[in-house]
Structures are given as structure tokens and as C-alpha cells.
Amino acid sequence: MVINMLVDNDICISSALEDYLESIYEISKQKTSVRITDIALALKISKPSVNRAVNTLKKQGLVSHEPYGDIILTEKGFELGEAVYHRHTMIKKFLVNVLHIPEDDAEKEACQIEHNISQNTVEKMKSFMENSCNDELFCSLKNELRAVTAQINVHSEKLMDLLDQKKESLVN
């Protein structure tokens, strides 16, 4: 297992802890409070594992949490959780929109890639998507061109088959 560390002003966390921060960030966007159980359900892991991870995040000043209480991202925890979330989202969009990977596969792969990719690469992916398909007319024309190209390829194959047949009939 590759462990990538997110380093920022003396904060160094593993990819597993990045997943916890991202999960806390996502849950806090949907609910008014985040509990150990919410994270365990979201990540499909045990509550004791979540508890250990939350305590580690607390020691690093990324969350505040009292036993049996809500988990609250600190300002720094919020920034890092949001960064991981946006990195994940950007990678998934790139996989789906540019590489045409099915949504479910893209979700799984984005989870793996997000921990092993530089911010510079993510920014380049974002720039590529913004510049290659930044208006609807361009995108629709590009899609039309793909469809026409596919039709041309089909007709070319049919023409080649007809020419081959004609050539064979002339030879015989």
C-alpha cells in the first residue's frame, strides 16, 4: 500500500487520514453534525477504527471532538478536507468526461489516484478540461464530429468490401 503524505505547515497525514478528513468534510456539507457512526457508515469501517483516526486528527489540530460528541473540522482541517474533496472531484470528472470511464469505475479510481497525484497535475487536468470544452457549442460540435467520423469509418469499410468484391469478380 502506497502512503502519500499531505504536508502543510508541519501537518503530515497519511492517505487514510486524508480519507477521514474528506469524509468529515462531505458529511458536514450534508448534515448539521458529524458523529463517529456517520463516518463509519460512509467509509464502511468499524467505529473503533474511526475513533482512533479522529483522535489522531484531533492531536494534529484538524478536528475538535469530545467523547460521544460531534466532530468538528478546525479551520485547517476544513481547508485540508476541502482540498482532498476537490482533488477527488476533479480527478473523477476528468476520468468520466475526458477518458469516458464509467461513473462507478471512475469513483473507485479517483479514490486511489487522489492520494498519489500532485496538485500541479490536478491543476493541469482542470485546465485541460476548461480549455478543451469550455463552451457548449464547441463540445456539441466535437461530439458531432466524433459521430460523423464513426459513420465515415463504417461507410469506408463497406466501400472497401464492395471494391474487394468487384476486384474478385473481375479477376474471375
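These figures come from a predicted structure and were not determined experimentally. Every chain is numbered independently, its residues counted from 1 as its sequence is written. This being a predicted model, a pLDDT of at least 70 is required before a residue's local features are given, and a value of 80 or more before pairs of side-chain atoms are given or counted; all residues contribute to the totals for chains, interfaces and linings. With hydrogens and water set aside, each side-chain value is computed from the structure's full complement of heavy atoms.

**Quick look at the layout of surface pockets**
And step 1. Considering only enclosed or pocket space, the largest pocket measures out at about 330 Å³ in volume.
And step 2. For the largest pocket, the lining is made up of 15 residues, of which Asp 19, Glu 22, Glu 26, Leu 43 and Cys 111 are closest to its centre.
And step 3. Working definition: helices are DSSP H or I runs of at least four residues, strands are E runs of at least two. Numbering for both runs from the N terminus. At the level of elements, α1 (15–30), α2 (36–43) and α5 (103–113) are the ones that each hand at least two residues to the lining of the largest pocket.
And step 4. Sort the elements by how many residues they give to the lining of the largest pocket and α1 lands first, with seven residues.
And step 5. In this count, Pro and Cys sit with the nonpolar residues alongside Ala, Val, Leu, Ile, Met, Phe, Trp and Tyr, while Asp, Glu, Lys and Arg are called charged and the others, Gly among them, polar. Across the lining of the largest pocket, the residue classes tally to four nonpolar, six polar and five charged. Residues are said to line a cavity or pocket when one of their atoms sits within 4 Å of a point; the points come from a 1 Å grid over protein atoms alone, cavities being sets where a 1.4 Å probe fits but cannot get out and pockets being open sets with protein on both sides within 12 Å along at least five of seven lines. Grid points are joined across faces, edges and corners, and a volume is the space filled by probe spheres set on the points.

**Topic: the nonpolar core**
And step 1. Buried Ala, Val, Leu, Ile, Met, Phe, Trp, Tyr and Cys residues form a nonpolar core when they are joined through side-chain atoms within 4.5 Å. Think of it in three bands: residues with accessible area under 20% of the maximum for their type are buried, residues over 50% are exposed, and the middle band is partly exposed, with areas taken using a 1.4 Å probe on protein chains only. Counting 21 residues, the largest nonpolar core has Ile 24, Ile 39, Leu 57 and Ile 71 as its most contacted members.
And step 2. Contacts are residue-level and defined by heavy atoms, with any inter-residue pair within 4.5 Å sufficient. Other than its neighbours up to four places away in sequence, Leu 57 contacts Leu 17, Tyr 20, Leu 21, Ile 24, Leu 62 and Val 63.

**Some details on unusual backbone geometry**
Across residues other than glycine, the phi torsion is negative in most instances, and most of the peptide bonds are trans.
And step 1. A positive phi angle is found at Lys 44, which is not glycine, with a value near 55 degrees.
And step 2. Among the structural elements, Lys 44 can be located in the loop between α2 and α3 (47–59).

**With respect to the packing of aromatic side chains**
And step 1. The aromatic pairing rule takes the rings of Phe, Tyr and Trp, using the six-membered ring of Trp, and pairs them if the centres are within 6.5 Å, calling planes under 30 degrees apart stacked, those over 60 edge-to-face and the rest tilted. A full pass over the atoms with the stated rule returns three aromatic pairs.
And step 2. For the pair Phe 94 and Phe 128, a centre-to-centre distance of 6.2 Å together with 65 degrees between the ring planes defines the contact as edge-to-face. Placement of Phe 94 in helix α4 (residues 75–98) and of Phe 128 in helix α6 (residues 119–132) is noted, with a sequence separation of 34 residues between them.
And step 3. The exposure class assigned to Phe 94 is buried, which follows from its relative accessible area of 16%.
And step 4. Taken together through their ring pairs, the aromatic side chains of Tyr 25, Phe 78 and Tyr 85 make up a single cluster.

**A word on the pattern of salt bridges**
And step 1. A pairing counts as a salt bridge when a side-chain nitrogen of Lys or Arg comes within 4 Å of a carboxyl oxygen of Asp or Glu. Going through the model one piece at a time under the given rule, you end up with six salt bridges.
And step 2. In this structure, Asp 38 and Lys 31 form a salt bridge, with 2.9 Å as the shortest nitrogen-oxygen distance.
And step 3. Among the ionic pairs, Lys 92 bridges to Glu 107, the shortest N-O distance being 3.1 Å. One end of the pair, Lys 92, is in helix α4; the other, Glu 107, is in helix α5, with 15 residues separating them in the sequence.
And step 4. We classify Lys 92 as buried; its relative accessible area is 19%.
And step 5. For Glu 107, a relative accessible area of 30% gives the class partly exposed.
And step 6. Connected through salt bridges with shared partners, the residues Lys 92, Glu 103 and Glu 107 form a single ionic network.

**A look at the environment of Ser 118**
And step 1. With respect to the secondary-structure elements, Ser 118 resides in the loop between α5 and α6.
And step 2. Residues Ser 118 and Arg 87 lie 31 residues apart in sequence; the distance between their C-alpha atoms is 9.6 Å.

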